[in-house]
Amino acid sequence: MHVNIAIDGPAGAGKSTIAKRVARELGILYLDTGAMYRAMALKALRQGVSPLDEHAVIPLLAQTEIYAKSIGGVQHTYLDGEDVSGLIRTQEIAQGASDISAIPSVRIKLAEAQRAVAQKNDVVLDGREIGSFVLPDAPYKFFITATVRARARRRLDELKAKGQCPADLHLAEMEDQIARRDHNDSTRAFAPMVQVPEAIYIDTTEMNEDEAVAAVLCHLPQRIGEGE
Ligand code: DC
């Protein structure tokens, strides 16, 4: 039996940074499940299909292969054999991923791929519904969040640091985008983002990265595979 650690929560809460560091600290794999939804959104957009158009998206699924590979500890996400890791970090793809993730057959396909990874590896998975839908039996579950304002500010700072922040993108607009995605992700009918009662709740609004990582690690065994 492999050890699976589920880290769920909304966009911008720091999940992926925390999940990556926790995985590195424990010497186990990290799987960014959002990247898989982003790759699916990219596929649809490239085919001229709206991620909201369920009837047009469904036939694409059988012709789409999405998988993730860790290279030197960094996740690379592949769409039909092409490494699309660098192409899926735009706001357009983020919204497209949120839209396409509401389609049940998309979720079923990607959740199966995620379960296959979890069955074969000790892994930290970050997503929205890992603890409730993908791996309901995971022994360790976290729900990590922060206020909309704190998350919008972090996203803006990230974009600025990468030199990708459009001059006309202001905090209020980023807050709107994040709130829209939160609403989308938590109100979809099938497998929405949800905090399961057994998940450990961590609000990172007032925490720096080290504090947030420590808040997760303190609930985990120091060495995976050797028990608590
Ligand atoms: O974590 P992210 O921003 O890369 O995720 C992009 C979108 O994908 C998110 O708004 C909702 C969807 N998603 C999901 O439904 N389930 C997951 N496990 C991960 C992401």
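Everything here concerns the structure above.
Residues numbered from 1 in each chain as written. Predicted model: local features only at pLDDT ≥ 70, side-chain atom pairs only at ≥ 80, totals over all residues. Heavy atoms only, no water.

What follows covers the packing of helix H2 (residues 33-46) against helix H5 (residues 104-120). Two elements in contact, H2 and H5, have axes whose closest approach is 11 Å; the angle formed by their N-to-C orientations is 135°. One element, H2, and the other, H5, form an angle in the oblique class. Judged by the sense of rotation from one axis to the other, the crossing of H2 with H5 is right-handed. Between H2 and H5, the contacting residues are Thr33, Met36, Tyr37 and Met40 on the first element and Val106, Arg107, Leu110, Ala113 and Gln114 on the second. By residue class, the composition of the contact of H2 with H5 is six nonpolar, two polar and one charged. (Axes fitted to C-alpha atoms, helices over the stretch in contact; angles between N-to-C directions. Helix = DSSP H or I, 4+ residues; strand = E, 2+ residues; numbered from the N terminus. Parallel < 35°, antiparallel > 145°, perpendicular 65-115°, else oblique. Left-handed = near helix turned anticlockwise from the far one by under 90°. Contact = heavy atoms within 4.5 Å. Nonpolar A, V, L, I, M, F, W, Y, C, P; charged D, E, K, R; others polar.)

Glancing now at the pattern of salt bridges. By the definition in use, this model includes twelve salt bridges. Lys43 is paired through a salt bridge with Asp80; the nearest N and O atoms lie 2.6 Å apart. Here Lys43 is found in helix H2, whereas its partner Asp80 is found in the loop between strand S4 (74-79) and strand S5 (82-83), with 37 residues between them in sequence. For Asp80, a relative accessible area of 38% puts it in the partly exposed group. Among the salt bridges present, the one from Arg128 reaches Asp185, with a minimum N-O distance of 3.2 Å. One end of the pair, Arg128, is in the loop between strand S6 (123-127) and helix H6 (130-134); the other, Asp185, is in helix H8 (residues 171-187), and 57 residues separate them in sequence. Grouping residues by exposure puts Arg128 and Asp185 together as buried. It is possible to trace a salt-bridge network through shared partners that takes in Arg21, Glu209 and Asp210. (Salt bridge = Lys/Arg side-chain N within 4 Å of Asp/Glu carboxyl O. Buried < 20%, exposed > 50% of the residue type's maximum accessible area, 1.4 Å probe, protein only.)

Honestly, that's just the spatial picture; any functional story needs more than this.
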